[in-house]
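Structural features, examined
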Amino acid sequence: MSRFSNLGHRLYQGEVSFDFVGRRKLWYSISALIVLIAGIGLAFGLKLGIEFEGGSVYTLTKPGLTVSQAKAAADDILKDTSALVQSNDKGAIKIQVSAEEQLPASTFIAELSKDLSIPANDINAQVVGPSWGEEISKKALLGLVIFMVLVTVYMAIAFEWRMAIAALVALIHDLLITIGVYALVGIEVTPGTVIGFLTILGYSLYDTVVVFDTVKENAKGITRQNKRTFSEAANAGLNQTLVRSINTTVVALLPVAALLFIGGGLLGAGTLNDISLALFIGLAAGAYSSICVATPLYAQLKELQPEMKTLAKKVAARRASDAKAEADRIAAGEPDPAQEGEGDEGAAGIVGSRNQPVSRSRTKGRPSGKH
């Protein structure tokens, strides 16, 4: 940990730097590939829960009954494997049947009661109509659109429109990746999943704003110098917040991983899976996008400004002049002024230390002034 902390200090001081902004083409290529794969998954469609498509939920409790036994009985009744069977934290088993199954609820309950030897009165049936799911879908989409608009307006006012565009692209990037994973894996999308989607968008925006704020500080008065370009200043700000971004992401992922792998995987709490999986994927994608997508894109948009183009030419001209002066010095066999200065300073320090009288000898024999 001490080495990692030392790395963070060196990154903040500029002693070590990773060129994220200069390698933006690499990050764009990686993101484009991931989004393309996610798009292919989305082309096959999402597996929506009964809250969105409609269907029936049957809840039953029997000592010793396992999920696999209930799944086998449901598949035998439906003549297919479309039923989703889960257990909740109270030990009850829930069987979800899509509205596409044209089997009446009374018939399904009678068959299930017979196969599992459970009284029909102990099987609770809840029917969800597709109209309710359609309404929920519209509200979720409306909430997402409003969130995106507010984010864009806030970023444009608090920072500038280029930052707003970069942040919006990063948010869409994270959302596409998360939804694409759900489509590829075939995990059911529930209202809990939608909550997870909105949560990761807020986290991704927070991480991006922190990086942008540091970049903004580094870029103050940048056109009044000729030592570094805007992209280099943005990359310096990104490196200063790199360790903080990594630490925040790791700390956020640990409890989410516990919910996903322990709560959802080992304990079988399906609701935890719905939220935690979206959070786990989205948090990782959000950390990546704030570092490798949002900031490089913002720097690229900023470099299109005429004053930034002029600054880049001034920096290039100065570096060319410095390189020519260095080449002429080496050709003439002249010593390096930097090393020569260090030598003189070191010698002066040694001479000074030798000629420096000992402080105690100055006051030896003198009264201390204390009575």
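Residues numbered from 1 in each chain as written. Predicted model: local features only at pLDDT ≥ 70, side-chain atom pairs only at ≥ 80, totals over all residues. Heavy atoms only, no water.

1. Digging into the overall build of the protein chain
Looking only at helices and strands, the protein chain has 14 helices and six strands in total. Expressed as a percentage of its 371 residues, the buried residues of the protein chain come to 37%. A sequence separation of at least 24 residues applies to 76% of the contacts in the protein chain between residues at least 6 apart. Total accessible area on the protein chain is roughly 21,200 Å²; 61% of this is exposed by carbon and sulfur atoms. (Helix = DSSP H or I, 4+ residues; strand = E, 2+ residues; numbered from the N terminus. Buried < 20%, exposed > 50% of the residue type's maximum accessible area, 1.4 Å probe, protein only. Contact = heavy atoms within 4.5 Å. Areas by Shrake-Rupley, 256 points an atom, 1.4 Å probe, with all protein chains shown as cover.)

2. Things to note about the nonpolar core
Residues Phe 20, Met 155, Phe 197, Leu 205, Phe 212, Phe 230 and Tyr 298 are the most contacted members of the largest nonpolar core, which totals 54 residues. Of all the secondary-structure elements, those providing two or more residues to this core are α6 (130–158), α7 (161–185), α8 (191–218), α9 (230–240), α10 (242–266), α11 (270–302) and α12 (306–332). In terms of residue count, α11 provides more of this core than any other element does, 12 residues in total. Setting aside residues no more than four positions away along its own chain, Phe 20 makes contact with Trp 27, Asn 235, Leu 238, Asn 239, Leu 242, Ile 291, Cys 292 and Pro 296. Counting residues in hydrophobic clusters, the runner-up holds 19 residues, among them Ala 73, Val 97, Phe 108 and Ile 123. (Core = buried A, V, L, I, M, F, W, Y, C linked by side-chain atoms within 4.5 Å.)

3. Re the packing of aromatic side chains
What the rule picks out here adds up to six aromatic pairs. With 6.2 Å between their ring centres and 55° between their planes, Phe 18 and Phe 20 make a pair best called tilted. Measuring from ring centre to ring centre gives 6.1 Å for Phe 20 and Trp 27, while their planes differ by 35°; the resulting arrangement is tilted. With respect to class, Phe 20 is no different from Trp 27; both count as buried. An aromatic cluster of three or more residues is present, and its members are Phe 18, Phe 20 and Trp 27. (Phe/Tyr/Trp six-rings, centres within 6.5 Å; stacked < 30°, edge-to-face > 60°.)

4. Examining the sheet that holds strand β3 (residues 84–87)
Across the sheet, which stays open at both edges, the four strands sit in the order β3-β4-β2-β5 with antiparallel pairing between neighbours. The sheet is open, and its two edges are formed by β3 and β5 (124–128), each paired on a single side. Sheet twist, expressed as the mean angle between neighbouring strand axes with direction ignored, is 20°. Relative to strand β4 (residues 93–98), strand β2 (residues 55–60) runs antiparallel, the two sharing six bridges. Its bridge partner lying in β4, Leu 60 is registered against Ile 93. Against the sheet, helix α5 (residues 105–116) engages β2, β4 and β5, with an angle of about 30° to β2. (Pairing = 2+ DSSP bridges. Axes fitted to C-alpha atoms, helices over the stretch in contact; angles between N-to-C directions.)

5. Let's talk about the packing of α8 against α9
A pair of packed helices can be characterised by two numbers: the angle between their axes and the separation between those axes. Across the interface, α8 lies against α9 with an axial gap of 8 Å and an inter-helix angle of 135°. The angle between α8 and α9 falls in the class oblique. As for how α8 packs across α9, the hand of that crossing is right-handed. Where α8 approaches α9, its residues Val 211, Thr 214, Val 215 and Asn 218 are matched on the opposing element by Phe 230, Ala 233, Ala 234, Ala 236, Gly 237, Leu 238 and Gln 240. In the contact of α8 with α9, the residues fall into seven nonpolar, four polar and no charged. (Parallel < 35°, antiparallel > 145°, perpendicular 65-115°, else oblique. Left-handed = near helix turned anticlockwise from the far one by under 90°. Nonpolar A, V, L, I, M, F, W, Y, C, P; charged D, E, K, R; others polar.)

6. Things to note about the packing of helix α2 (residues 24–43) against α7
Where α2 meets α7, the axes come as close as 8 Å, and the angle between the chain directions of the two elements is 45°. One element, α2, and the other, α7, form an angle in the oblique class. Pair α2 / α7 crosses with left-handed handedness. Across the interface between the two elements, Ser 31, Ile 34, Val 35, Ile 37, Ala 38, Gly 41 and Leu 42 of α2 pack against His 173, Leu 176, Ile 177, Ile 179, Gly 180, Ala 183 and Leu 184 of α7.

7. Details of the side chain of Ser 113
When you line up the elements, Ser 113 lands in helix α5. Since its relative accessible area comes to 14%, Ser 113 is described here as buried. The residues contacting Ser 113, other than those within four sequence positions of it, are Ile 118, Pro 119, Ala 120 and Ile 123.

8. Quick notes on the confidence of the model for the protein chain
Taken as a whole, the protein chain shows an average pLDDT of 79; of its residues, 81% reach a score of 70 or greater. Averaged over each element, pLDDT in the protein chain is lowest for helix α14 (residues 359–362) (42) and highest for α2 (91). Note that pLDDT drops below 50 for residues 343–371; the model gives that stretch two contacts with residues more than four away or on any other chain. (pLDDT = per-residue confidence, 0-100.)

9. As for unusual backbone geometry
Positive phi outside glycine occurs at Ser 117, with the angle close to 55°. Its location among the elements puts Ser 117 in the loop between α5 and β5.

10. Some details on the environment of Val 97
Residue placement: Val 97 occurs in strand β4. Residues contacting Val 97, with those up to four places away along its chain left out, are Ile 50, Gly 55, Ser 56, Tyr 58, Leu 78 and Phe 108.

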